[in-house]
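For reference, the chains in residue letters:
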Amino acid sequence: MAGGGPGTTRCSAIVIQEHGCGFSTLLALTGPLSGTVWWDGRATCDRIVPLSLDHADGARPVHFGEWLNHGSWALLPPGWG
């Protein structure tokens, strides 16, 4: 979601849910992924992954309204929750 240096894209995000132990759910505010929701797992694996309804088929990140209906835990990739 964020980058730095030549040829990379930066976007802004805010924490919309805190899960403790350094984990949180992020909402992308700018860029091509604006309005999508992500899991911040940098506390243990240095990764930010999309929360998705279908991880097996490309993991399209959910939009905020979809996240409201399901919550973060139900949208994590298999084996993450």
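Keep in mind that this is a model prediction, so the values were computed, not measured. (Residues numbered from 1 in each chain as written. Predicted model: local features only at pLDDT ≥ 70, side-chain atom pairs only at ≥ 80, totals over all residues. Heavy atoms only, no water.)

1. A short note on the packing of aromatic side chains
Centre distance and the angle of the planes are the two values used to describe a pair of aromatic rings. How we decide: Two rings from Phe, Tyr or Trp (for Trp, the six-membered ring) form a pair when their centres are within 6.5 Å of each other. A pair whose planes differ by under 30 degrees is stacked, one over 60 is edge-to-face, and the rest are tilted. Helix numbering and strand numbering both begin at the N terminus, where a helix is a DSSP run of H or I of at least 4 residues and a strand a DSSP run of E of at least 2. Buried, partly exposed and exposed residues are distinguished by accessible area as a fraction of the type maximum, computed with a 1.4 Å probe on protein chains only: under 20%, between the cut-offs, and over 50%, respectively.
Using the criterion set out here, one finds three aromatic pairs in the structure. With 5.6 Å between their ring centres and 35° between their planes, Phe64 and Trp67 make a pair best called tilted. Note that Phe64 and Trp67 are positioned in helix 1 (residues 64-70) at a spacing of three residues, about one turn of the helix. By relative accessible area, which is 34% here, Phe64 ends up partly exposed. Members of the aromatic cluster, connected to one another through ring pairs, are Phe23, Trp39 and Trp73.

2. Brief notes about the sheet that holds strand 1 (residues 13-20)
In a beta sheet, neighbouring strands pair by backbone hydrogen bonds and run either parallel or antiparallel. Put simply, the rule reads: Strand pairing follows a simple DSSP-based rule, namely that at least 2 bridges must link the two strands. Note on geometry: axes are lines fitted to C-alpha atoms, helical ones only across the stretch in contact, with angles between N-to-C directions running from 0 to 180 degrees.
Here four strands make up an open sheet; going across it, the order is 1-2-3-4 and the pairing antiparallel. Edge positions in the sheet fall to strand 1 and strand 4 (48-50), since each of these pairs with one other strand and no more. For this sheet, the mean inter-axis angle between neighbouring strands, taken without regard to orientation, is 30°. Across six bridges, the pairing between strand 1 and strand 2 (residues 23-28) is antiparallel. Bridge pairing in strand 2 links Ala13 to Ala28.

3. Quick notes on the side chain of Thr25
The following threshold applies: We define a polar contact as two N or O atoms separated by no more than 3.5 Å, with the added condition that, inside protein, one atom must be a possible hydrogen donor and the other a possible acceptor, whereas residues neighbouring each other in sequence contribute only through side-chain atom pairs.
Considering the arrangement of structural elements, one finds Thr25 in strand 2. A relative accessible area of 0% means that Thr25 is categorised as buried. Within polar-contact distance, the side chain of Thr25 engages the side chain of His19 at 2.6 Å.

4. Concerning the pattern of salt bridges
Heads up, the rule is: Salt bridge, as used here, is a side-chain nitrogen of Lys or Arg placed within 4 Å of a carboxyl oxygen of Asp or Glu.
A full pass over the atoms with the stated rule returns two salt bridges. Notably, a salt bridge pairs Asp40 with Arg42, separated by 2.6 Å at the nearest N-O pair. The class for Arg42 is partly exposed, based on a relative accessible area of 47%. A salt bridge links Glu66 to Arg60; the nearest nitrogen and oxygen atoms lie 2.9 Å apart. On the basis of relative accessible area, Glu66 is assigned to the partly exposed category, the value being 22%. Arg60 gets classed as partly exposed once you look at its relative accessible area, which sits at 44%.

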